[in-house]
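# Results of the structural survey
Here is what each chain is made of, one letter per residue.
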Amino acid sequence: MQHYAESRATTAEGDQMAVGAFLLGLPGLLIFNLVLGPVAIVLGTLALVRGTARRGRALLGIALGVADLAVLAAVTVAGHGTIWRLGA
């Protein structure tokens, strides 16, 4: 009985991580790409490892995390390596 409770708690934690991965990956497309992208990837992966019932959200969180980093790379290349330009 205790094993079932532990498994259920792990799945619930995985569900929360899957939702968190999605919710952090989405705004990461616009702001804080360098931070939110890797966090979304890690949370999505941990959710899959813990056996989440929200597998689609975990995979979407991972995809959004990768897209966050791709957007960051594209903006960096387009800006010739300058992310922020202070002054004129």
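Structure: see above.
Basis of the calculations
- Residues numbered from 1 in each chain as written.
- Predicted model: local features only at pLDDT ≥ 70, side-chain atom pairs only at ≥ 80, totals over all residues.
- Heavy atoms only, no water.
- Helix = DSSP H or I, 4+ residues; strand = E, 2+ residues; numbered from the N terminus.
- Buried < 20%, exposed > 50% of the residue type's maximum accessible area, 1.4 Å probe, protein only.
- Contact = heavy atoms within 4.5 Å.
- Salt bridge = Lys/Arg side-chain N within 4 Å of Asp/Glu carboxyl O.

### As for the overall build of the protein
Counting its secondary structure elements, the protein contains three helices and zero strands. Secondary structure elements in the protein, listed N-terminal to C-terminal, are α-α-α. Counting all 88 residues of the protein, 25% fall into the buried class. In the protein, the share of contacts with a sequence separation of at least 24, taken over all contacts with a separation of at least 6, comes to 66%.

### Side note on the pattern of salt bridges
Tallying each qualifying case throughout the model produces one salt bridge. In this structure, R50 engages E13 in a salt bridge whose closest nitrogen and oxygen atoms are separated by 2.4 Å. Within this pair, whereas R50 is found in the loop between α2 (33-49) and α3 (55-78), its partner E13 is found in helix α1 (residues 2-25), the two being separated by 37 residues in sequence. A relative accessible area of 30% places R50 in the partly exposed class.

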